[in-house]
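Overview (structure and organization)
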Amino acid sequence: MISRFARSLLVVVTILVLVTMLGMLHAPSREAYIDPWTGQLFGEGGVEEHLAVVAAAKEQAGKILQNVPVVKVNAKAAAKGGVIMPKLGNETAKAELGRATWKLMHTMTLRFPKKPNADERQALSSYFYLMSRLYPCGECATEFQQLLAKYPPQTSSRLAASQWLCGVHNEVNKRLRKPMFDCAHVDAAYDCGCGDGDEDAEKGAEGGEAKVKVNKGNVAKVRSGSRKGGEVVVELDEEEGTHDDLTGIDMIRGG
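On a predicted model such as this, the values are computed, not experimentally measured, just so you know.

Regarding the state of the cysteines
- Considering all chains together, one arrives at 2 disulfides under this definition.
- Between Cys137 and Cys140 runs a disulfide, and the two sulfur atoms are separated by 2.2 Å. Its torsion about the S-S bond being 60 degrees, the disulfide of Cys137 and Cys140 is classed as right-handed.
- Put simply, Cys166 and Cys183 are joined by a disulfide, and their sulfur atoms are 2.0 Å apart. Looking down the S-S bond of the Cys166 and Cys183 bridge, the torsion is -90 degrees, so its handedness is left-handed.

Right, dumping it as structure tokens:
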């Protein structure tokens, strides 16, 4: 009798013979080509026909893409569009949202560069206009858009931006019959606790941090500063600083 090993060997040899015969019956055409690097087998036309097929496929894909509409977004137009969100009926949610948003915007203006470039100014201005479109409270957004139309964002400096926003906030307080906010101390009311980080931060005479006091209601450029009793008193030049230097718009009174 044939041993188990012999039977297994016979089966393996038979399989190899069958595979070899099938390979001979379906051998690649003499014009076929096997890429020695990738092992890819090209068809009857060789590499040339394969490349032609690939080129035709790319051309077809290009035609399809040409028919796909391209949406171009105009950033300025998008920023100054209409209100998107619907009315918010939950008064509690509306109040919480308002407090959080005012804190965000006040902190943003108080962290804004003291001497921003044109791109930074445009970014902040666009933010306020986009906020007026996307604010989750639709009726609040409409009122904010009306305020922006009357008092366009002032972004010439950190002082201008923070005082402008405080003035706009007071316009809302006036409408809601809430107490007016003292805009000279807006930085203390909305202190983020993250530090100034400016290289030109003023220090007090004793080495401690100086307090900045704005002694005029109009937003204006800083003309001079003097230390009195450990405080840095900032004087504002009304003649030079009552207009935004980019738009020429009158500065809003901070309160």
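Notes on the packing of aromatic side chains
- For the structure shown, the criterion picks out 3 aromatic pairs.
- Ring geometry for Tyr127 and Phe128: centres 5.8 Å apart, planes at 75 degrees, overall edge-to-face.
- Clustering of aromatic rings is evident, with ring pairs tying together Tyr127, Phe128 and Trp164.

Some points on the layout of surface pockets
- Roughly 650 Å³ of internal volume is contained in the second largest pocket.
- In this structure, the second largest pocket is lined by 24 residues; those nearest its centre are Gly98, Trp102, Tyr135, Val172 and Leu176.
- Those elements giving two or more residues to the lining of the second largest pocket turn out to be α4 (91-111), α6 (138-150) and α7 (158-175).
- Here the lining of the second largest pocket takes 9 residues from α4, the largest share from any one element.
- Grouping the constituent residues of the lining of the second largest pocket by class yields 13 nonpolar, 4 polar and 7 charged.

Quick notes on unusual backbone geometry
- In the Ramachandran plot, Arg177 falls in the positive-phi region, its phi being about 60 degrees despite a non-glycine side chain.
- Here Arg177 shows up in the loop between α7 and α8 (186-189).

Some remarks on the packing of α4 against α7
- Contact geometry of α4 with α7 gives a least axis separation of 7 Å together with a crossing angle of 155 degrees. The orientation of α4 with respect to α7, classified from their angle, is roughly antiparallel. Contacts between α4 and α7 involve Trp102, Met105, His106, Thr109, Leu110 and Arg111 from the first element and Arg158, Ala161, Ser162, Leu165, Cys166, Val168, His169 and Val172 from the second.
- Of the residues that constitute the contact of α4 with α7, the class distribution is 8 nonpolar, 4 polar and 2 charged.

Each value, and the rule that gives it
- Residues numbered from 1 in each chain as written.
- Predicted model: local features only at pLDDT ≥ 70, side-chain atom pairs only at ≥ 80, totals over all residues.
- Heavy atoms only, no water.
- Disulfide = S-S within 2.5 Å.
- Phe/Tyr/Trp six-rings, centres within 6.5 Å; stacked < 30°, edge-to-face > 60°.
- 1 Å grid on protein atoms, 1.4 Å probe; cavity = no way out; pocket = protein on both sides within 12 Å on 5 of 7 lines; lining within 4 Å.
- Points joined across faces, edges and corners; volume = space filled by probe spheres on them.
- Helix = DSSP H or I, 4+ residues; strand = E, 2+ residues; numbered from the N terminus.
- Nonpolar A, V, L, I, M, F, W, Y, C, P; charged D, E, K, R; others polar.
- Axes fitted to C-alpha atoms, helices over the stretch in contact; angles between N-to-C directions.
- Parallel < 35°, antiparallel > 145°, perpendicular 65-115°, else oblique.
- Contact = heavy atoms within 4.5 Å.

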